[in-house]
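# Observations on chain architecture
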Amino acid sequence: MATHVSRRNFMGGVAATVGYLSTRPSAELWAQGGPAAVAAQRARGPMTPEMYDRMAKIASNENNWGPPESVMKAMNAAWKYVGRYGYPDGNIVEAIAEHHGVKPENVLLGAGSGEILDVVGTTYLLGGKKVLGCDPSYGSVYQHATAIKAEAIKVALKPDYTQNISQMIEMANRHAAEIGLFYLCNPNNPTGVAVPKQEVEAVVRNIPKDMPILIDEAYHHFVDDPNYEESIKYVLEGRPVVVARTFSKIAGLAAMRLGYAIAPAPIVAKMRPFSMGSINVLVKHGGVASLKDTQAQAEVKAKVKALRTKCSDDLRAHGYNVIPSQTNFFMVHLGGRQVQPVIEEFRTREILVGRPFPPMTDHLRVSIGTADEMDRFMKAFKEIFPKRERQTNAAGA
Ligand SMILES: Cc1ncc(COP(=O)(O)O)c(C=O)c1O
């Protein structure tokens, strides 16, 4: 089911079955682009670790500076426990609860917030309920729905790339009996656009009161927009809201796999049986240190913002529109070219850029890497794309 509202004719639909890999460490993940890219990757042969190390890695919205000293020190101190089942875990659950002003029973840990998204999906979609969200968005929720034989109702983004909140609310009410979960990715991936606080509130107040809402705040830490706010206050109000957070982005711990949900205690209790509960000891200690090191997070945010602004300005000066982003990635419009061959062109220049995000296949998602990586990206972009007159688009981007 889909709504067709944008001039770019976004084709929403039942959750795509294309299995784009997200966090799985495989050679095919490095191909970053669905079947065509997997075929190209197979033809090239596997990527060796040496090849990987040479790549500019601006494909997966990671923190390319990695975790700060404080976090590595805490993780190093926890090596002595790696042979244990029961061990001091640094009180990670309590630390997260305190950080958000909630109780430990409001916290569920996951091996990355990806596990949390799956757990929420399983909890509320099993038995054929549908997930409602925007399109395009972070596809993992829709893919998991497909995997457990549930479906998605996807509402196209507006021409200015914002989420069509009023239409999503209308759909939630119209299809209330079928819907098991409302998914709100804020800020949205792949666009980097945040949902204003008034619109989040409109969702919470205007959809059926008992409809669970999953608010994915993976990129929360990068947002500057004064009109944005975090959603944990709705958990404290007792609304059926699950907020998903991750240590993979600003905290630089993607490969260590730590994320969590904040939700009302009865919802955490309902979700817990579906979670693996297998978080490693190193990241538990690293996570506690990371929450404390707000200075390090502020530094990452500042670096990301400066590099994002510079790169976006350079692309605009070269004649290509960039969607204004609140995150550690942005999307650039490719001036009429399709993204998959462009991904391959960057790949031959040892630059990994974002995978395609249908239906926005005329845009490329670029993560913010180090200054050197962004220079390599810009140099390659200028080789691949001629300078041209910039055309303003619907978003004025
Ligand atoms: C919006 C969003 N949510 C969740 C995730 C999952 O991240 P992780 O499982 O590493 O916490 C990602 C990863 O890119 C994401 O972009």
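Residues numbered from 1 in each chain as written. Predicted model: local features only at pLDDT ≥ 70, side-chain atom pairs only at ≥ 80, totals over all residues.

## Considering the site of the ligand
As a reminder of what qualifies: Put plainly, near means the residue's C-beta atom, positioned from the backbone, lies within 6 Å of the molecule or strand in question. Only Asp, Glu, Lys and Arg are considered charged in this grouping, and only Ala, Val, Leu, Ile, Met, Phe, Trp, Tyr, Cys and Pro are considered nonpolar; every other residue, Gly among them, is considered polar.
Taken together, 14 residues surround the ligand, and among them Gly-112, Ser-113, Gly-114, Thr-246 and Ser-248 come closest. Residue composition of the shell around the ligand, by class: four nonpolar, nine polar and one charged.

## Points about the environment of Ala-244
Our working rule: Numbering goes from the N terminus for both helices and strands, where a helix is a DSSP run of H or I of at least four residues and a strand is a run of E of at least two. Residues are defined as contacting one another if the C-beta atoms placed from their backbone atoms lie within 7 Å.
Mapped onto the elements, Ala-244 comes out in strand β8 (residues 241-246). Excluding residues that lie within four positions of it along the chain, Ala-244 makes contacts with Ser-113, Ile-116, Leu-117, Leu-214, Asp-216, Glu-217, Ala-218, Gly-259 and Ala-261.

## Focus on the confidence of the model for the chain
Here is the rule: pLDDT is a per-residue confidence score from the predictor, ranging from 0 to 100.
For the chain, per-residue confidence averages 90 on the pLDDT scale, and residues scoring 70 or more make up 89% of the total. Contacts from residues 1-32, a stretch scored under 50 in pLDDT, to residues over four places away or in other chains number 74 contacts.

## Regarding the nonpolar core
Heads up, the rule is: Defined on buried residues, the nonpolar core groups Ala, Val, Leu, Ile, Met, Phe, Trp, Tyr and Cys residues joined through C-beta atoms within 7 Å. Here a residue counts as buried when 20 or more other C-beta atoms fall within 10 Å of its C-beta, as exposed when 12 or fewer do, and as partly exposed in between; the C-beta atoms come from the backbone. Domain boundaries shown here were taken from an automatic or database domain assignment.
In this structure, Val-120, Val-131, Phe-182 and Ala-261 are the most contacted members of the largest nonpolar core, which totals 108 residues. Counting contributing residues per domain, this core is built from domain 1 (14-66 + 295-384) and domain 2 (69-293), each supplying no fewer than three. Not counting residues up to four positions away in its chain, the partners in contact with Ala-261 are Leu-108, Gly-110, Ile-116, Val-120, Val-242, Val-243, Ala-244, Val-268 and Met-271.

## Topic: helix α7 (residues 140-147)
Counting buried residues in α7 gives six out of eight residues, a clear majority hidden from the surface. Those residues of α7 that sit buried are Ser-140, Val-141, Tyr-142, Gln-143, His-144 and Ala-145. Directly after α7, the chain includes Lys-149, whose backbone phi takes a positive value near 65°.

## Looking at the pairing of strand β3 (residues 107-110)
Spelled out, the test is: A pair of strands counts as paired when DSSP detects no fewer than two bridges linking them.
Along β3, one buried face is formed by Val-107 and Leu-109 and the opposite face, lined by Leu-108 and Gly-110, is buried too. Where β3 and strand β9 (residues 259-262) come together, four bridges link them in antiparallel fashion. Across the sheet, residue Leu-108 finds its bridge partner in β9, namely Ala-261.

## Quick look at the packing of helix α6 (residues 113-125) against α7
Heads up, the condition is: Every axis in this analysis is a line fitted to C-alpha atoms, fitted for helices over the stretch in contact. Angles between the N-to-C directions lie between 0 and 180 degrees. Should an angle fall under 35 degrees it is taken as roughly parallel, and over 145 as roughly antiparallel, whereas 65 to 115 is taken as roughly perpendicular and any remaining angle as oblique. In a left-handed crossing the near helix is turned counterclockwise from the far helix by less than a right angle, and in a right-handed crossing that turn is clockwise.
Two numbers describe how α6 lies on α7: the axes approach to 9 Å, and their chain directions differ by 45°. Relative to α7, α6 is oriented oblique. Remark: the crossing between α6 and α7 carries right-handed chirality. Mapping the contact onto sequence places Gly-114, Leu-117, Asp-118, Gly-121 and Leu-125 in α6 and Ser-140, Val-141, His-144 and Ala-145 in α7. Class assignment for the residues of the contact of α6 with α7 results in four nonpolar, four polar and one charged.

## Quick notes on the environment of Thr-392
Among the structural elements, Thr-392 can be located in the segment after α15 (371-384). Given 8 C-beta atoms within 10 Å, Thr-392 falls into the exposed group.

## Some points on unusual backbone geometry
With an omega of 5°, the peptide bond running from Asp-135 to Pro-136 counts as cis. Tracing the backbone shows Pro-136 in the loop between β4 (130-135) and α7. For the bond from Pro-358 to Pro-359, the omega torsion is 5°, close enough to zero to count as cis. Position of Pro-359 relative to the elements: it lies in the loop between β11 (351-353) and β12 (363-367). The phi torsion at Arg-257 lies on the positive side, around 60°, for a residue other than glycine. Within the secondary structure, Arg-257 sits in the loop between β8 and β9. Backbone geometry places Glu-350, a non-glycine residue, at a positive phi of 60°. Since 14 C-beta atoms lie within 10 Å of it, Glu-350 is described here as partly exposed.

## What to know about the pairing of strand β5 (residues 151-156)
Short version of the rule: By convention a crossover is right-handed if, when the strands point away from the viewer, the path from the first strand over the helix to the second runs clockwise.
With five of its six residues buried, β5 lies for the most part within the structure. Note: β4 against β5, six bridges, orientation parallel. Note on β5: the bridge partner recorded for Cys-134 is Val-155. Read as a crossover between parallel neighbours, the route from β4 over α7 to β5 is right-handed.

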